[in-house]
Amino acid sequence: MESTSSLLQKQQKRSYYMWVVVFFLVIFTCLGSLYYCTLKIDYTWRWYRVPQYFFFNEEIEVRTDVAGSVEAIEETTDGTIIRINSDDGDSVDYAYPSKDVRLYEGDTVFEGDVLGSYREWRMGILLQGLWLTLKVSFIAIIFGIFLGLGAGLARISSNPAFKWLSITYIELVRGSPLLVQIFIWYFVLGTLVNTMLAQYGVSQIPPLWFGVASLATFTGAYVAEIVRSGIQSIHKGQTEASRSLGMTYTQSMYHVILPQAFIRIIPPLAGQFISLIKDSSLLGIIAIRELTKATREVVTTSLQPFELWFVCAILYLVLTFALSMLLQYLEKRMIHS
Amino acid sequence: MINVKNISKTFMVPHRVDALVDVSENIARGEVVVVIGPSGSGKSTFLRCLNRLETADKGKILIDGVDILHPKTDINKVRAEVGMVFQSFNLFPHKTVKNNVNLAQNVVRKRSSKEAEEITMALLDKVGIADKKNVYPDQLSGGQQQRVAIARALAMNPKAMLFDEPTSALDPEMIGEVLEVMKTLAKEGMTMAVVTHEMGFAREVADRVIFMDAGKIVEEGTPEHFFTNPSHDRTKLFLKQIL
Ligand SMILES: Nc1ncnc2c1ncn2[C@@H]1O[C@H](COP(=O)(O)OP(=O)(O)OP(=O)(O)O)[C@@H](O)[C@H]1O
Ligand SMILES: [Mg+2]
């Protein structure tokens, strides 16, 4: 005869597994009905078309820039060197990494004639977009950290100039949509700066940097609030103890308060940086071809929107997941050290 | 050593409290003064005014001849000369015991790591906790933490020490070890101002006892005077309640 407690355990286990099954049922029903609907509208899934937008093998033709005659064709271990004796009397070498040769020694060539070709792997547009998203986010995060740290410290300072400047900055940024801020950075500040630069004959700043600036200032304001609450979460006694030993405000911040605050602010910072990566998708509207804009362009040429938008979402997921893993690792290391 | 002349301190937030009202007091070099009084009577505020953790609104405070309320005074220099020990220890949780004691020696006293290390080890030895030098504060008992906090303050070679209820947060069995360290300090001639409810300590160690109530010093005198025939009714009432 089984004890009632083991019966209870058995029942709890059974109900647990039942809900696991429910979970998978819900997931598969969602995917299944999605697939069913696409069949209904005669959508053809062509996943095999997706990889070319990551990497593709391009044929590159080697052309001569001079007119003359082919003096020598030399096959080397890793390609071909073609020497052309130009009409001006110089000899010019063309080397490329393949054995494909389109002409013979002694042939006459004109400017722009194809000498041969080779194939090369190129980064596809999606991968370029992913790389740009990564780059933009990374730079914006770095600047955002410094801006946020500065503004956060200014926010709790007793100096009214620092404090009010910081409050103004934080409230302005947090009170308006990022999209509007991107427009302001690009169409207002960007126009002002670039027009002034043009007047002095200096080269223009590309849109990318205004995009980065908008993301960095946006993130900086949120980081400032995170830094502020992180510092304020450290017990007042820590400041009192360090100051009572004769440390200055700066020394006490640097040696005692910030090291403790940093461990606490890592999780909210991770959330903020994940938002930043996702928000960088808005930069497409000022002609920065980050991942979302790249996907949109590919969709219009490939006509495979379903696959590509899913891929796009998954790529963002990979980025944000990697970032949150990295920060978790950092947090663990800081706690252990 | 410590000369306090007519200081007052009023807190406005969250509501008006006259924490200190026209308090004057002189503490001589090597003197041990114990401050007692009911909760909210201004004992902590008095102590914290002495190293300007609170700034007195009125009056004058001289520490070893330095007017600490003068705008030109470098308060950090004064604070390094006046050690403070808190009820809640306030050790730096992200640093080991050794580094808790080292830190201010490095950044305030600018001692070399080697010199600081030697001083630290001597002090940890003195407070009886040298074997825990590489441990983090959260692995120590309250009594051990408070002894480290005392060592940390002593590492600055202070001319005076302020203790704000150093044993109030401790389990009864740990109070003794902390008081023992304080007694040793007193014997060595340290100038000390101690807020405490440990009447045994007051009786045994204090040169003078001060009784505060409602922001004022109501009565002061030798321990014998206090514990045998206090003159004020409020003092009598207070002593009756706690003894
Ligand atoms: N930072 C502060 N802001 C506002 N009021 C304060 C502050 N510090 C102390 N007070 C008030 O001043 C009065 C005196 O406080 P204080 O801490 O000096 O008393 P105490 O004698 O140390 O009491 P306890 O035995 O409870 O520690 C109290 O009424 C307290 O509420
Ligand atoms: Mg107190």
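Remember, predicted model here, so these are calculated numbers, not experimental data. (Residues numbered from 1 in each chain as written. Chains lettered and ligands numbered in written order. Predicted model: local features only at pLDDT ≥ 70, side-chain atom pairs only at ≥ 80, totals over all residues. Heavy atoms only, no water.)

(A) Geometry of the overall build of chain B. Secondary structure summary: chain B contains nine helices and ten strands in total. For 243 residues, the compact-globule formula gives about 18 Å, and the C-alpha radius of gyration of chain B, at 18 Å, lands near that figure. Within chain B, the proportion of its 243 residues that are buried is 56%. Pairs at least 24 apart in sequence give 64% of the contacts found in chain B among residues at least 6 apart. (Helix = DSSP H or I, 4+ residues; strand = E, 2+ residues; numbered from the N terminus. Rg over C-alpha atoms; globule rule 2.2 N^0.38 Å. Buried < 20%, exposed > 50% of the residue type's maximum accessible area, 1.4 Å probe, protein only. Contact = heavy atoms within 4.5 Å.)

(B) The arrangement of the site of ligand 1 in detail. All names here are of chain B. Lining the immediate surroundings of ligand 1 are 13 residues, of which Ser39, Gly40, Lys43, Ser44 and Thr45 lie closest. Here an oxygen atom of ligand 1 sits 3.2 Å away from a polar atom, N or O, in the main chain of Ser41. Lys43 is positioned such that a nitrogen or oxygen atom in its side chain is 2.9 Å from an oxygen atom of ligand 1. For ligand 1, whose unbound accessible area comes to 630 Å², protein coverage reaches 65%. Where the shell around ligand 1 is concerned, the elements lending two or more residues are β2 (17-27) and α1 (43-50). Examining the composition of the shell around ligand 1, we find that three residues originate from one element, α1, more than from any other. (Near = heavy atom within 4 Å. Polar contact = N/O pair within 3.5 Å; in protein donor to acceptor, adjacent residues only side chain to side chain. Areas by Shrake-Rupley, 256 points an atom, 1.4 Å probe, with all protein chains shown as cover.)

(C) Fine view of the UniProt feature "domain: ABC transporter" (unreviewed entry) in chain B. Here, the residues flagged by UniProt with the feature "domain: ABC transporter" (unreviewed entry) are residues 2-239 of chain B. Summarising residues 2-239 of chain B: 37% helix, 25% strand, and an end-to-end C-alpha distance of 27 Å. (UniProt positions renumbered as here; feature names shortened; annotations may be inferred.)

(D) Quick look at the UniProt feature "transmembrane region" (unreviewed entry) in chain A. Residue and element names in this part refer to chain A. Under the present numbering, the feature "transmembrane region" (unreviewed entry) in UniProt falls on residues 16-36, 136-157, 178-202, 208-227 and 308-330. Overall, residues 178-202 shows 88% helix and 0% strand. The separation of its end C-alpha atoms is 29 Å. Spanning residues 208-227, this segment combines 100% helix with 0% strand, and its end C-alpha atoms are found 27 Å apart.

(E) Representation of the interface of chain B and chain A. With 24 residues of chain B in contact, the opposing surface of chain A contributes 18 residues. If you sort the residues of chain B by the area they bury against chain A, Asn76, Phe92 and His94 of chain B come out on top, with a joint share of 27%. Counting every contact that joins chain B to chain A gives one salt bridge. Secondary structure elements with two or more residues in the side of chain B that touches chain A: α2 (75-81), β6 (82-85), α3 (97-107) and α5 (142-154) of chain B. In terms of residue class, the side of chain B that touches chain A is built from 15 nonpolar, four polar and five charged. (Buried area = accessible area lost by both parts, 1.4 Å probe. Salt bridge = Lys/Arg side-chain N within 4 Å of Asp/Glu carboxyl O. Nonpolar A, V, L, I, M, F, W, Y, C, P; charged D, E, K, R; others polar.)

(F) Local environment of the sheet that holds strand β1 (residues 2-11) of chain B. Residues and elements named next belong to chain B. The sheet built from four strands is open, its strands ordered β2-β1-β4-β5 with antiparallel pairing. Two strands lie at the open edges of the sheet, namely β2 and β5 (66-67), each paired on one side alone. Pairing of β1 with strand β4 (residues 58-63), which is carried by five bridges, proceeds in the antiparallel orientation. Following the sheet pairing, Val4 is matched in β4 by Ile61. Sheet strands touched by α1: β1, β2 and β4. Its angle to β1, the strand with the most contacts, is close to 120°. (Pairing = 2+ DSSP bridges. Axes fitted to C-alpha atoms, helices over the stretch in contact; angles between N-to-C directions.)

(G) Highlighting the UniProt feature "domain: ABC transmembrane type-1" (unreviewed entry) in chain A. The UniProt entry lists residues 130-327 of chain A under the feature "domain: ABC transmembrane type-1" (unreviewed entry), expressed in the numbering used here. Its end C-alpha atoms 20 Å apart, residues 130-327 of chain A is made of 83% helix and 0% strand.

(H) Structural detail: the state of the cysteines. Per the stated rule, a full pass over the model turns up zero disulfides over all chains. No disulfide involves Cys37 of chain A; its nearest neighbouring cysteine sulfur is the one of Cys30 of chain A, lying 11 Å away. (Disulfide = S-S within 2.5 Å.)

(I) Highlighting the confidence of the model for chain B. Here chain B averages 93 in pLDDT, and 100% of its residues register 70 or above. Overall fold confidence for the complex sits at a pTM of 0.82, while the interface term, ipTM, reaches 0.93. (pLDDT = per-residue confidence, 0-100.)

(J) Layout of the environment of Val82 of chain B. Structurally, the position occupied by Val82 of chain B is in strand β6. Val82 of chain B gets classed as buried once you look at its relative accessible area, which sits at 1%. Sequence spacing of Val82 of chain B and Leu154 of chain B is 72 residues, and the spatial spacing of their C-alpha atoms is 9.2 Å. Leaving out residues up to four positions away in the same chain, Val82 of chain B has contacts with Ser244 of chain A together with Asn51, Ile63, Pro158, Ala160 and Leu162 of chain B.

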